[in-house]
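Structure at a glance
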Amino acid sequence: MADLQKAEIVGTPAMEGTYISEMDMWPFECQEFNRIYPFYDNLRAGKFTTTKCKACGHIAFPPGVICPKCWSEDLEWVELPQRAKVVCFTETQAGAPIGFPSPLIMAWLTFGEDTPLKHLLGRIINCKEGELKEGDEVKFVVFDVPSHPIDVKRDTAIRDRVYYAFEPVK
Ligand SMILES: [Zn+2]
């Protein structure tokens, strides 16, 4: 209960009816329930990372806890490139889900040949409607996500959350 009161004080959008966690686009970001939680710690440090298999060398994205090639659980964290080019994109100018300001821009990105991550469907932020063009260069950016109460054992906890997107290189 103490945490719920705290949530109201900090203005958790779920409490104000402006952010519905069921509409959340992001995975459950809570250290107690998420074995890829280092991904978020790395985001906070400004790093875009994923897991590499120490047994066979395979690099998978998104990160996981088991290698999809050889089933090894002996994985390590490696950094991914932070710059990409826009191949094509969609721009939702009206009717974006709650919690997502318009325009909601999703882009198919290419990272080049010399990287384990060739392509990714990524969100573009800090970009005005009609501004983005195919071929534009974008860079990785980390932003805060509204917190909402999470049941952890017998308590309700508020977790600071972050996620990543890309923004145009000016
Ligand atoms: Zn492997």
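Summarised in this report is the structure supplied together with it. This is a predicted model, so every value here is computed, not measured.

1. Topic: the coordination of the zinc ion
Ligation of the zinc ion by protein atoms is provided by C53 (SG), C56 (SG), C67 (SG) and C70 (SG), these donors lying 2.3 to 2.4 Å from the ion. One way to put it: the 4 donor atoms around the zinc ion meet at angles of 102 to 116°, and that makes the site tetrahedral. Sequence positions of the residues that donate to the zinc ion give the spacing C-x2-C-x10-C-x2-C. A residue pair is termed long-range when its members are at least 10 positions apart, and C56 in the loop between β1 (49–53) and β2 (59–60) and C70 in the loop between β2 and β3 (75–79) qualify at 14 residues. The partly exposed category is assigned to C70, whose relative accessible area is 31%.

2. Some words on the pattern of salt bridges
Side chains that differ in sign of charge can pair as their charged atoms come close. By the definition in use, this model includes 6 salt bridges. With a closest N to O distance of 3.7 Å, R35 and E73 form a salt bridge. Of the two residues, R35 sits in the loop between α2 (13–16) and α3 (38–44) while E73 sits in the loop between β2 and β3, which places them 38 residues apart along the sequence. D74 is the salt-bridge partner of K54, the closest N and O atoms lying 4.0 Å from each other. Linking K54 in the loop between β1 and β2 with D74 in the loop between β2 and β3, this pair joins segments that are 20 residues apart in sequence. Among the residues examined, D74 registers a relative accessible area of 41% and is labelled partly exposed.

3. Considering the environment of A84
For A84, the position within the fold is in strand β4 (residues 83–92). Overall, the relative accessible area of 3% leaves A84 in the buried class. Separated by 36 residues in sequence, A84 and L120 have C-alpha atoms that sit 9.2 Å apart. Excluding residues within four positions of it along the chain, A84 makes contact with L109, T110, F111, D136, E137 and V138.

Calculation notes
- Residues numbered from 1 in each chain as written.
- Predicted model: local features only at pLDDT ≥ 70, side-chain atom pairs only at ≥ 80, totals over all residues.
- Heavy atoms only, no water.
- Donors = N, O, S within 2.8 Å, 3.2 Å for Na, K, Ca; no water.
- Tetrahedral: all angles 85-135°; square planar, octahedral: opposite > 155°, others 65-115°.
- Helix = DSSP H or I, 4+ residues; strand = E, 2+ residues; numbered from the N terminus.
- Buried < 20%, exposed > 50% of the residue type's maximum accessible area, 1.4 Å probe, protein only.
- Salt bridge = Lys/Arg side-chain N within 4 Å of Asp/Glu carboxyl O.
- Contact = heavy atoms within 4.5 Å.

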